[in-house]
Amino acid sequence: MKIVIADKSHSIYAETICKTIADAAQVRGTGIAKRKPEYIINKMENGNAVIALDGDKFAGFCYIEAWSHGKFVANSGLIVHPDFRNLGLAKKIKKVIFEHSRTKFPDAKVFSITTGLAVMKMNSELGYKPVTFSELTDDQSFWKGCQTCKNFDVLTRTEQKMCLCTGMLYDPKKTQETKPKEHNYDKKAWTRLKNLKQSMFLKKDKKDE
């Protein structure tokens, strides 16, 4: 198994990556923004993605998005093929894409919005902190990318202030100012937060139907 910075030669995996993301969204029943192969290929050609391969077989993927003129960076589309799940691969990919982002955009704030508890745990271990959406990029190009998510109506109803996703942020300046420490992850707290959001918004959806 190898995890490398993707390039043009990896474009042959774009269709598989998109299908894996779409299938995962359907199985989880949670919001995952879909992407087209052309979009994935563009990320590869610009060196803004990492791919995991087991020989020639696709195993996992993640890409970088830059917003607000490079002031904010997001690591998006983290996916692991079903054949390679439960092996700790997602965590390894997340670490590689995070370090790659810090190298390419050393002064940028790295952020994430996710409904996945596993991703929240990985983010916490890397130094991300939970934040309100107002602390994330105000670049509307980013938020338009949420339109393919099944929960986009929630984001619209709340005037982009909150959604089922939780916002998390790594601020390099604040990290440098504070002493390094172990980042604790409280699964029960994150689970309660996720359930609370689902209760607030999904019940409302049913009433509106």
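As a starting point, this report considers the structure included with it. Keep in mind that what you see is a predicted model, and the values were worked out from it rather than measured.

1. As for the pairing of strand β5 (residues 109–114)
One face of the sheet, then the other: side chains in a regular strand alternate in exactly this way.
Part 1 of the argument: Note that strand β4 (residues 72–80) and β5 share three bridges and pair parallel. In the sheet register, F72 faces β5, and the bridge partner there is K109.
Part 2 of the argument: With helix α3 (residues 89–104) bridging β4 and the parallel β5, this β-α-β connection has right-handed handedness.
Part 3 of the argument: Both β5 and strand β7 (residues 166–170) contribute to a ladder of five bridges, which runs antiparallel. Bridging from a neighbouring strand, F111 pairs with L169 of β7.

2. Comments concerning helix α4 (residues 117–126)
Part 1 of the argument: Looking at α4, one finds that the buried residues are L117, V119, M120, M122, N123 and S124.
Part 2 of the argument: Where α4 terminates, the next one or two residues include G127, which has phi positive at roughly 110°.

3. Points about unusual backbone geometry
Part 1 of the argument: In this structure, S68 takes a positive phi of about 50° despite not being glycine.
Part 2 of the argument: Tracing the backbone through its elements, the reader meets S68 in the loop between β3 (57–67) and β4.
Part 3 of the argument: Classification of S68 as buried rests on a relative accessible area of 13%.
Part 4 of the argument: The backbone of H69 sits at a positive phi, close to 60°, despite the residue not being glycine.
Part 5 of the argument: The topology assignment puts H69 in the loop between β3 and β4.

What counts and how
- Residues numbered from 1 in each chain as written.
- Predicted model: local features only at pLDDT ≥ 70, side-chain atom pairs only at ≥ 80, totals over all residues.
- Heavy atoms only, no water.
- Pairing = 2+ DSSP bridges.
- Helix = DSSP H or I, 4+ residues; strand = E, 2+ residues; numbered from the N terminus.
- Right-handed = clockwise from strand over helix to strand, strands pointing away.
- Buried < 20%, exposed > 50% of the residue type's maximum accessible area, 1.4 Å probe, protein only.

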